[in-house]
Amino acid sequence: MKLIAIILISISLRIYVAFGGYSGMNDPPQYGDFEAQRHWMELTTNLNITQWYEKSEFNDPKWWPLDYPPLSGYFAYILGKIAEIFDPDIIAPYSSRGIETFNTKLFMRISVFISELIFLYPPLIYFILKQESKQQLIGLCCPLLILVDHGHFQYNCIMLGLTLYAIICLEKGKLELGSIFYVMALHFKVMSLYYSLPFFIYILSKTYKEPKKVVYVGMTVILTSLIIWLPWLSDLKLIQEAIATIFPIHRGLYQLHVATFWCISHIMIKWNLIFNNQLLFRLAAILTLLFSIPSLIRLFKQPNLFRHTLFIVSQTFFLFSFHVHEKTILLPIILLLISQKDYGYLVYDYTIIATITHHPLMIEDKLFIEYCVLLILFFIFTRNNQSPKFQDSWILNLYSKIRNIPILLYIVIFICQQIIKPPQRFPFLYELSIQVLGFSMYTFMYIISHQQIKNVKND
């Protein structure tokens, strides 16, 4: 009964946020992510499938081109066909661009809500079913899961849900089925690459002694990918154009102010002035790989470290990879939400700080009131003092004594932002201060997770 009540609470919070603002609301001429997702419905339903990634007058690269993998395109196509029945104006060619009618908002909001109920709720509930009520509340009422998809507006819930299904299958020994789910997640949102290395090493550790299994899993991955890309296989140029759109290196090392190594270190080292994008891309890839290798080696020896390694490597990708969005912190967070028994109050603290780093985005999206309400409710009702399983760490002991300081610092930054204008020389002082706060927490968790993984015995 308690879980049912928590599910109803989580649904109510999502409905509340859905009545608020969104990315690009009343913000012409380009609008934002809400318009991008809607426009992809317009594109996919009015163009031949092989033209989805091809530049044209209708598929204007200046007006939200489809820059997600094909599975997102298929999903947009299905939604577009449903929208065509619900209200054809939502996807009418050209005239629908920037549309903000009641029917449009209602349809888009409901589409996210149903997608989350189908894809994310079942596997997430599977993982938290045997946890305590407070942990279930943290899992289902995580502010970022609600604010990013139901507020800012995206469909991360589908990619995250497919990933959780993949983890469930792999842990049950169903390697082929797990591989299918992960390939689907990867072809829905390319940021699923954050999980790619642990998935590969885990499957390899389970199959390398049996060549037939390696072949079966490998063929499953290849066939699934080929089926997804089937419409484009007839022309290599189409695939090249699609890949160039999906991996836009030209966008630069990072976007806006994000709590990553590159953004924070840019305060002292102007990376984009020293190196070009191609070189920075390679440097980011090398650093990401180097910092991932130790935990991947350990995973190969101890496959039971799969979830822990997924968290560590996804965190590594967030901190060091190329062109990271602040919203991709959801990938490490979802791993913590299903591993709360191991990390205790660190999951709660991490979730709070990750939400705080989205403060600037929430203001931009006109979601600040909803953001504050969710953050305060989460802070009050999910306060978690359950200690992590691992206690023999000096850094963890130190953190346990100062864990409230980051919240106090955020309050101070927020108050200063309201009453004191930043100096002209540093117009983004407060936004950057919030990201430094987030980067400090992420770095701490990165260190702690490496120490914690050493204490896990090989099953």
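Not measured: the values here are computed from a predicted model. (Residues numbered from 1 in each chain as written. Predicted model: local features only at pLDDT ≥ 70, side-chain atom pairs only at ≥ 80, totals over all residues. Heavy atoms only, no water.)

Enquirer: Would you mind showing me how to read the layout of surface pockets here?
Expert: Sizing a probe to match a water molecule and rolling it over the atoms shows the empty space that remains. As a volume, the largest pocket reaches approximately 1400 Å³. For the lining of the largest pocket, the secondary-structure elements that each account for two or more residues are helix 2 (33–46), helix 10 (196–207), helix 15 (277–301) and helix 20 (359–364). Its residues assigned to classes, the lining of the largest pocket comprises 24 nonpolar, 14 polar and 10 charged. (1 Å grid on protein atoms, 1.4 Å probe; cavity = no way out; pocket = protein on both sides within 12 Å on 5 of 7 lines; lining within 4 Å. Points joined across faces, edges and corners; volume = space filled by probe spheres on them. Helix = DSSP H or I, 4+ residues; strand = E, 2+ residues; numbered from the N terminus. Nonpolar A, V, L, I, M, F, W, Y, C, P; charged D, E, K, R; others polar.)

Enquirer: Would you take a moment to explain the UniProt feature "signal peptide" (unreviewed entry) in the protein for this structure?
Expert: As annotated by UniProt and renumbered to match this structure, "signal peptide" (unreviewed entry) occupies residues 1–20. Taken end to end, residues 1–20 is 85% helix and 0% strand, and its first and last C-alpha atoms sit 30 Å apart. (UniProt positions renumbered as here; feature names shortened; annotations may be inferred.)

Enquirer: Looking at this structure, how should I read the packing of helix 17 (residues 330–337) against helix 19 (residues 345–356)?
Expert: Axis angle and axis distance: for two packed helices, these are the angle between their axes and the distance between the axes, and together they describe the pair. At a closest axis distance of 10 Å, the pairing of helix 17 and helix 19 adopts a crossing angle of 155°. By the angle between their directions, the pair helix 17 and helix 19 is classed as roughly antiparallel. Here helix 17 and helix 19 pass one another in a crossing that is left-handed. Between helix 17 and helix 19, the residues in contact are Pro332, Ile333, Leu336 and Leu337 and Val347, Tyr350, Thr351 and Ala354, respectively. Taken together, the residues that form the contact of helix 17 with helix 19 break down as seven nonpolar, one polar and no charged. (Axes fitted to C-alpha atoms, helices over the stretch in contact; angles between N-to-C directions. Parallel < 35°, antiparallel > 145°, perpendicular 65-115°, else oblique. Left-handed = near helix turned anticlockwise from the far one by under 90°. Contact = heavy atoms within 4.5 Å.)

Enquirer: Honestly, empty space enclosed by the protein in this entry has me stumped. Any pointers?
Expert: For the structure shown, the criterion picks out three cavities of 30 Å³ or more. Here the largest cavity defines a volume of roughly 90 Å³. Surrounding the largest cavity, Gln37, Trp40, Met41, Tyr68, Ser72, Phe75, Ala76, Leu79, Tyr155, Phe188 and Lys189 form its lining. Only helix 2 and helix 3 (70–86) provide two or more residues apiece to the lining of the largest cavity. Residues that form the lining of the largest cavity fall into these classes: eight nonpolar, two polar and one charged. What the second largest cavity holds in volume is close to 70 Å³. Lining the second largest cavity, in full, are Tyr348, Asp349, Ile352, Ile353, Phe379, Arg383, Tyr399, Arg403, Asn404, Pro406 and Ile407. Looking at the lining of the second largest cavity, the elements with two or more residues in it are helix 19 and helix 23 (405–419). Counting residues per element, the lining of the second largest cavity draws most heavily on helix 19, at four residues. Of the residues belonging to the lining of the second largest cavity, the class tally is seven nonpolar, one polar and three charged.

Enquirer: Hey, could you run me through the packing of aromatic side chains in this one?
Expert: The geometry of two aromatic rings is summed up by the distance between their centres and the angle between their planes. Counted by the stated rule, this structure contains 39 aromatic pairs. Between the aromatic rings of Phe58 and Tyr94, the centroid separation amounts to 5.2 Å while the plane-to-plane angle is 80°, which identifies the pairing as edge-to-face. Here Phe58 is found in the loop between helix 2 and helix 3, whereas its partner Tyr94 is found in the loop between helix 3 and helix 4 (102–119), with 36 residues between them in sequence. Given the relative accessible area of 10%, Phe58 is considered buried. By the ring-pair criterion, three or more aromatic residues cluster together here, those being Tyr22, Phe34, Phe75, Phe153, Tyr155 and Phe188. Here the basic side chain of Arg97 rests over the ring of Phe58, its NZ or CZ set 4.9 Å away from the ring centre. Sitting over the face of the ring of Tyr345, Arg403 holds its NZ or CZ atom 4.2 Å from the ring centroid. (Phe/Tyr/Trp six-rings, centres within 6.5 Å; stacked < 30°, edge-to-face > 60°. Buried < 20%, exposed > 50% of the residue type's maximum accessible area, 1.4 Å probe, protein only. Lys NZ or Arg CZ within 6 Å of the ring centre and 35° of its normal.)

Enquirer: Can you help me understand helix 21 (residues 368–381) in this one?
Expert: Along an α-helix, residues three or four apart share an orientation, since each turn contains 3.6 residues. Its 14 residues place the ends of helix 21 20 Å apart at the C-alpha level, agreeing with the 20 Å of an ideal helix rising 1.5 Å per residue. Among all positions in helix 21, only Glu370, Tyr371, Leu374, Leu375 and Phe378 are buried. End-on view of helix 21: buried residues confined to an arc of 125°, all on one side of the axis. Structural note: helix 21 exposes Ile369 and Phe381 on the side pointing more than 90 degrees away from its buried face. (Expected span 1.5 Å × (residues − 1). Arc of directions from axis to C-beta.)

Enquirer: Sorry if this is basic, but what is going on with unusual backbone geometry here?
Expert: Glycine aside, negative phi is the norm for most residues, and most peptide bonds take the trans geometry. With an omega dihedral of 10°, the bond running from Pro28 to Pro29 counts as a cis peptide bond. One can find Pro29 in the loop between helix 1 (2–18) and helix 2. Its identity is not glycine, yet Asn26 carries a phi of approximately 50°, on the positive side. Overall, Asn26 belongs to the exposed group, its relative accessible area being 54%.

Enquirer: Just to check I follow, could you spell out the nonpolar core for this structure?
Expert: Grouped burial of nonpolar side chains is what soluble globular proteins tend to show. Ile334 and Leu346 are the most contacted members of the largest nonpolar core, which has 144 residues in total. With 11 residues, helix 24 (residues 429–454) is the single largest residue contributor to this core. Contact partners of Leu346, with chain neighbours within four places excluded, come to Pro388, Phe390, Leu396, Tyr399, Met441, Phe444, Met445 and Ile448. (Core = buried A, V, L, I, M, F, W, Y, C linked by side-chain atoms within 4.5 Å.)

Enquirer: Looking at this structure, how should I read the state of the cysteines?
Expert: Should the sulfur atoms of two cysteines be covalently bonded, the bond is a disulfide. Under the criterion given, the structure shown has zero disulfides. In this model Cys169 remains outside any disulfide bridge; the closest cysteine sulfur is found in Cys157, 18 Å from its own. The thiol of Cys372 is unpaired, and the distance to the nearest cysteine sulfur, on Cys416, comes to 16 Å. A relative accessible area of 23% means that Cys372 is categorised as partly exposed. (Disulfide = S-S within 2.5 Å.)

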